[in-house]
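Residues per chain, in single letters:
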Amino acid sequence: MGDGLARILTKQSFDPEAFIAKLSASNDGEGALLELRQKVHALNDDTAQALKKNVYKNYSQFIETAREISILEGEMYQLSTMLTEQRSLMYSMMGLSLVSDKAVVEGPKEEKMEESPEEETRRNLAFLLEKVEGCSSVTEVPGRHLVHDTDLVELDPETFVQMQRTHAFLLSDSLMMATWVPTRRGPMRYRFQGLYELDSLAVVNVRDAGPVKNAFKILMFPETRMYQADSAKSKRQWLDILEDTKKKKALKDKQKKEATNRLSDQLSPSPLSPTGDKCILPGSGSKEAAEEAPVTMDTDFLQADWLQELPEDLDMLIAQRNFEGAVDTIDRVTEFLKDCPKGPALKEFKARIDHRVKQLTDGLMSELQVSPERSLRGGPRAARHAVTQLIRLGKSAQACDLFLKNRSAVIRYNIRQLKFEGATTLYIRCLCDVFFTSLCDTASEFLRAFPDHFGCYSAFVIWAKQELESFVSIFRRQVFESKASLTTIAECVQLAKKHCAELSKIGVDLEFSLATMMDSPIQPVIEETRDQMVEGIRYRAQDEMWRPMNQQTKEDCDKFVVEMKTLGFDIRQYVFDGCFIALTPTTVQFAKSSITLADDLLRLYTIELEPLIAVAIETVFKAQMSQFQSALKSDKFQSERSTIVKSAQFVGEKVMGRVFAMYQQSNRALPQQLQTVQMNFRQLK
């Protein structure tokens, strides 16, 4: 019947008036209505239960969906990272294949042109030292000369927006890029930006489209850059000269390798020489060959197959983001080259390795750099791997700087996730948990990442103090600028001090710095609270009749005695006639407020604030004593003198005694002026 009623009520054409009229017209009208009422109530309860079940089911599905979305978000981030790495790897492989194919298939174009004295001078690279800042290492490679150079404008490969003015120097074996220095002093016009080997770059023509004119791309492993020439002729010249220079370098490398192999065969040990020493072949010009042998020793030393393939192996390891393997390879070749005789070939080979080391360093540093698209949920352990490899490369200072910047971004991200909801104390508790926990994790991870690099510890101390200043800035904005009460401020400050003290367990002591930063905003709060209490004492004294308190009944009096006992006051000796207390209402009010004030001030206690705290308590008690003195001198209250004296003695003995006990419990020295105030209370008669 219930299901039938539900179907009737849920029909779209249901007419309630017609339904009730039909039901009322039946013979048993009243009984039918009562029965219908019970069924409607039962149907209402069933509907409510079904609604609750549906709400719970939907809520469970919502939680499950949110969890799945969170997992998918992490997987999408990983997929994005993998696609970016694959893109870089494809660009690098395209560049390598373009270089190798063109170097083998196409022959060099020998063009012999007469050079003017000016061009001859520019080719020896001497003028680079005068025009480009920071390029001294470029000119040290023997046989390197300048082929072509012009001004270019670097464009963003995706948005085609002009980024900066550059100057490109095409050398016989590499491409050097320099940025324009707008505020130059002296002859320096450019600043060294980077040096790229011709073997590891490829040139791609860009068709003119829209605002992009006379542009071309250079695939510099593992990145892509776009440059714009000032004219179509200049662009065509760059494309042709770059391609021709790459071919010449490939031919020169091939000839050098063949000549080295021939010379190695001539200087190889003779089968007739039992000592294994290098003998001089007949007809080889004995003395001259003997003198030329040491010159080629570094070339012979570098003929190992694994050394010849080492630059390409490093390129692949960097593209695959196998940073640890790349650093291991660099350590291996560095150790091997210690025994290699110094010469032009060694210097050239080291230049190629140094270029890969720079690329590897940039890749590792990018792991620690903070960007909007990079997730910040990894924690300090996620950066340990990159830091370790940078330290192995001798970049401990850069690793330290980037590690700390990464942690700063993580701390700011975690703080931004906090929502200011509810009481100020609750927010500050969450803020302290997030900040000091992150600071503790960073300190622990820093000690693991830089165990023997004591020079980095000072950088960590400076960083920790700067982060503490940022924390205090947020703290002041939420606590002091919100006009919170002294009790709330004292509780929040105590929370921060407690968390800060826990850092000392791992050797990071910031308590003094925190206290110094907090003292400045605390001082005006103490002074303002003191003045408000003094004003309140004077205001309440105006309406005070200085009569004993009447609790009306013995039960209410007993409750009041218990309440005062919780505050540390035993007032049973002041009770008389069952429900009267020989203390005035203003005295009791002062006792409660002064104890709260003393407790709050002692929680804010520092050495610098000690005089201000003592003066604040002294001022408040003197204001109350002044009201007692005025009442005793007034003829209006002659009949209440006994109550006034007892109230004054209560303040001097019980209340100030409780304040003294609070000083002792907090291991603070008792101020002399408070003892003097207590003596003045005892002298009141």
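Residues numbered from 1 in each chain as written. Predicted model: local features only at pLDDT ≥ 70, side-chain atom pairs only at ≥ 80, totals over all residues. Heavy atoms only, no water.

Evaluation of the coordinates by the stated rule reveals 15 salt bridges. For lysine 358, the salt bridge goes to aspartate 362, with nearest N and O atoms at 3.3 Å. Placement of the pair is lysine 358 and aspartate 362 together in helix H12 (residues 344–368), with a separation of 4 residues, close to one helical turn. The exposure class assigned to aspartate 362 is partly exposed, which follows from its relative accessible area of 40%. Ionic pairing is found between arginine 572 and aspartate 570, a salt bridge with its closest N-O pair at 3.0 Å. When its relative accessible area of 27% is taken as the criterion, aspartate 570 is described as partly exposed. Each of Asp328, Asp331 and Arg392 takes part in one network of salt bridges that share partners. (Salt bridge = Lys/Arg side-chain N within 4 Å of Asp/Glu carboxyl O. Helix = DSSP H or I, 4+ residues; strand = E, 2+ residues; numbered from the N terminus. Buried < 20%, exposed > 50% of the residue type's maximum accessible area, 1.4 Å probe, protein only.)

Quick look at helix H23 (residues 672–682) now. Residues three or four positions apart in an α-helix share a direction because the helix packs 3.6 residues into each turn. Considered for burial, the residues of H23 that qualify are Leu674, Val677, Gln678 and Phe681. Buried residues of H23, viewed axially, fall in a sector of 100°; they line one side. Residues of H23 that are buried sit in contact with helix H21 (610–633) and helix H22 (641–665). (Arc of directions from axis to C-beta. Contact = heavy atoms within 4.5 Å.)

Next up on the list: the sheet that holds strand E4 (residues 174–180). As summarised here, the arrangement of the 8 strands in space is E1-E5-E4-E3-E2-E8-E7-E6, forming an open sheet in which the pairing is mixed. At either end of the open sheet lies a strand with only one pairing partner, and these are strand E1 (132–133) and strand E6 (201–205). For E4 and strand E5 (residues 190–197), the ladder comprises 7 bridges, and the chain directions are antiparallel. In the sheet register, alanine 178 faces E5, and the bridge partner there is phenylalanine 192. (Pairing = 2+ DSSP bridges.)

Following the criterion strictly, the structure yields 20 aromatic pairs and no others. With 5.7 Å between their ring centres and 55° between their planes, tryptophan 546 and phenylalanine 628 make a pair best called tilted. Here phenylalanine 628 lies in helix H21 and tryptophan 546 lies in the loop between helix H18 (511–542) and strand E9 (549–550), a separation of 82 residues in the sequence. Considered together, tryptophan 546 and phenylalanine 628 belong to a single accessibility category, that of buried residues. Cluster of aromatic residues (ring-pair linked, three or more members): Phe403, Phe446, Phe450, Tyr457, Phe460 and Trp463. Geometry around tryptophan 180 places arginine 165 over its ring, the cationic atom sitting 4.1 Å from the centre. (Phe/Tyr/Trp six-rings, centres within 6.5 Å; stacked < 30°, edge-to-face > 60°. Lys NZ or Arg CZ within 6 Å of the ring centre and 35° of its normal.)

Turning to the packing of helix H10 (residues 310–319) against H12, a few remarks are in order. Between H10 and H12, the shortest axis-to-axis distance is 10 Å and the interhelical angle comes to 5°. Taken together, the axis directions place H10 and H12 in an arrangement best described as roughly parallel. From H10, Leu310, Pro311, Glu312, Leu314, Asp315 and Ile318 reach across to H12, where they touch Phe349, Arg352, Ile353, Arg356, Gln359 and Leu360. Its residues assigned to classes, the contact of H10 with H12 comprises 7 nonpolar, 1 polar and 4 charged. (Axes fitted to C-alpha atoms, helices over the stretch in contact; angles between N-to-C directions. Parallel < 35°, antiparallel > 145°, perpendicular 65-115°, else oblique. Nonpolar A, V, L, I, M, F, W, Y, C, P; charged D, E, K, R; others polar.)

By secondary structure assignment, the location of threonine 586 is in helix H20 (residues 585–603). With sequence-adjacent residues up to four places away left out, threonine 586 is seen in contact with Arg540, Glu544 and Trp546.

Okay, unusual backbone geometry next. For lysine 483, which is not glycine, the phi torsion reads 60° and is therefore positive. Among the structural elements, lysine 483 can be located in the loop between helix H16 (457–479) and helix H17 (486–502). Here lysine 483 falls in the exposed class, since its relative accessible area comes to 71%. The residue aspartate 577 is not glycine, and still its phi comes out positive at about 55°. With respect to the element layout, aspartate 577 can be found in the loop between strand E10 (575–576) and strand E11 (580–581). The exposure class assigned to aspartate 577 is exposed, which follows from its relative accessible area of 62%.

A regular strand carries its side chains on alternate faces of the sheet. Burial runs high along strand E2 (residues 146–155): 7 of the 10 residues are buried. The sheet contact formed by E2 and strand E3 (residues 162–171) spans 9 bridges and is antiparallel. Residue pairing in the sheet places glutamate 154 in a bridge with glutamine 164 of E3. Where E2 hands over to E3, the hairpin turn is made up of 6 residues, of which phenylalanine 160 adopts a positive phi near 65°.

Take helix H11 (residues 323–337) next. The end-to-end C-alpha distance of H11, which contains 15 residues, comes to 21 Å, matching closely the 21 Å that a straight helix rising 1.5 Å per residue would cover. Among all positions of H11, only Phe323, Gly325, Ala326, Val327, Thr329, Ile330, Val333 and Leu337 are buried. (Expected span 1.5 Å × (residues − 1).)

Purely geometric stuff here, so don't read any function into it on its own.
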